[in-house]
Amino acid sequence: SQQGEEDPQALSIQEGENATMNCSYKTSINNLQWYRQNSGRGLVHLILIRSNEREKHSGRLRVTLDTSKKSSSLLITASRAADTASYFCATDRNDYKLSFGAGTTVTVRA
Amino acid sequence: EAGVAQSPRYKIIEKRQSVAFWCNPISGHATLYWYQQILGQGPKLLIQFQNNGVVDDSQLPKDRFSAERLKGVDSTLKIQPAKLEDSAVYLCASSPGTGVPYEQYFGPGTRLTVT
């Protein structure tokens, strides 16, 4: 069963704007990961945040984790057309298996 | 470093036929995963191998799906007989192994259409 749920399901923004998407999950986790999937391609790992971390940055990406609320957010700053993709959160409950949400589809308009 | 290789990229079959997918993980990666991704959904884990042993196949429909990873390197996933609801993208992923949280590296996937 899929543990994570992303919100919103879809997001359309102008190039240069920021994009924020959220992920909620049900049970305690060891770490949470975000992946990107371009149309017709495999998934690419973006960032991993451990359960004892609250915030992590990687380039234009910022991820937060609130274990008390069982939620995470992914912020993409200064979006580009190449950021058009589906974004998935995946939770690891310390069994090295990932449970993916249904994803947020982001469209960046030129 | 070469990525995860999968073949074929696309396959169209009729229901009740059989089909096989092949995956070659990144060299040295001990853990291999097969996922099913139905359109509009996230990937769902079908089976996880650690070297050539099965770690988890709880979500694999064993009446029609089978998978093997001989010699702990490449792997095949088979469906026999296929049903309409098996239409999906089948993704293979690998990671270095257990012990620490690792990202997973995904192949491009095989898009299966069952008619």
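Placed above this text is the structure.
Everything in this summary refers to the structure shown in the same document.

Analysis parameters
- Residues numbered from 1 in each chain as written.
- Chains lettered and ligands numbered in written order.
- Predicted model: local features only at pLDDT ≥ 70, side-chain atom pairs only at ≥ 80, totals over all residues.
- Heavy atoms only, no water.
- Pairing = 2+ DSSP bridges.
- Helix = DSSP H or I, 4+ residues; strand = E, 2+ residues; numbered from the N terminus.
- Axes fitted to C-alpha atoms, helices over the stretch in contact; angles between N-to-C directions.
- Disulfide = S-S within 2.5 Å.
- Buried < 20%, exposed > 50% of the residue type's maximum accessible area, 1.4 Å probe, protein only.

Things to note about the sheet that holds strand E1 (residues 5-7) of chain A
Residues and elements named next belong to chain A.
For step 1, the next point in the chain: Taking strand neighbours across the sheet as the criterion, the five strands line up as E1-E3-E8-E7-E6 in an open arrangement whose pairing is antiparallel. With one partner strand each, in any of the chains shown, E1 and strand E6 (55-58) form the two edges of the open sheet. Direction aside, the axes of adjacent strands within the sheet are offset by 20 degrees on average.
For step 2, the next point in the chain: Bridge analysis of E1 against strand E3 (residues 19-24) gives three bridges, and the strand direction is antiparallel. Across the sheet, glutamate 5 pairs through a bridge with serine 24, a residue of E3.

Here's the deal with the state of the cysteines
For step 1, the next point in the chain: In the structure shown here, the tally under the stated rule is two disulfides over all chains.
For step 2, the next point in the chain: Paired by a disulfide, cysteine 23 of chain A and cysteine 89 of chain A hold their sulfur atoms 2.0 Å apart. Residues cysteine 23 of chain A and cysteine 89 of chain A share a disulfide whose torsion about the S-S bond is about 65 degrees; that sign makes it right-handed. Separated by 66 residues along the polypeptide, cysteine 23 of chain A in strand E3 and cysteine 89 of chain A in strand E9 (residues 85-92) bring together distant segments of the chain. The burial state of cysteine 23 of chain A is the same as that of cysteine 89 of chain A; both residues are buried.
For step 3, the next point in the chain: Bridging cysteine 23 of chain B to cysteine 92 of chain B, the disulfide has an S-S length of 1.9 Å.

With respect to the pairing of strand E7 (residues 61-66) of chain A
All names here are of chain A.
For step 1, the next point in the chain: Direction of pairing for E6 relative to E7: antiparallel, over a ladder of four bridges. Of the residues in E7, the one forming a bridge with lysine 56 is valine 63.
For step 2, the next point in the chain: As defined by bridge partners, E7 adjoins strand E8 (residues 71-76) across six bridges and the pair is classed as antiparallel. Counted as the bridge partner of threonine 64 is serine 73 from E8.
For step 3, the next point in the chain: Hairpin connection of E7 to E8: four residues between the antiparallel strands, including lysine 70 at a positive phi of 50 degrees.

Spatial relationships are all this shows, so hold off on functional conclusions.
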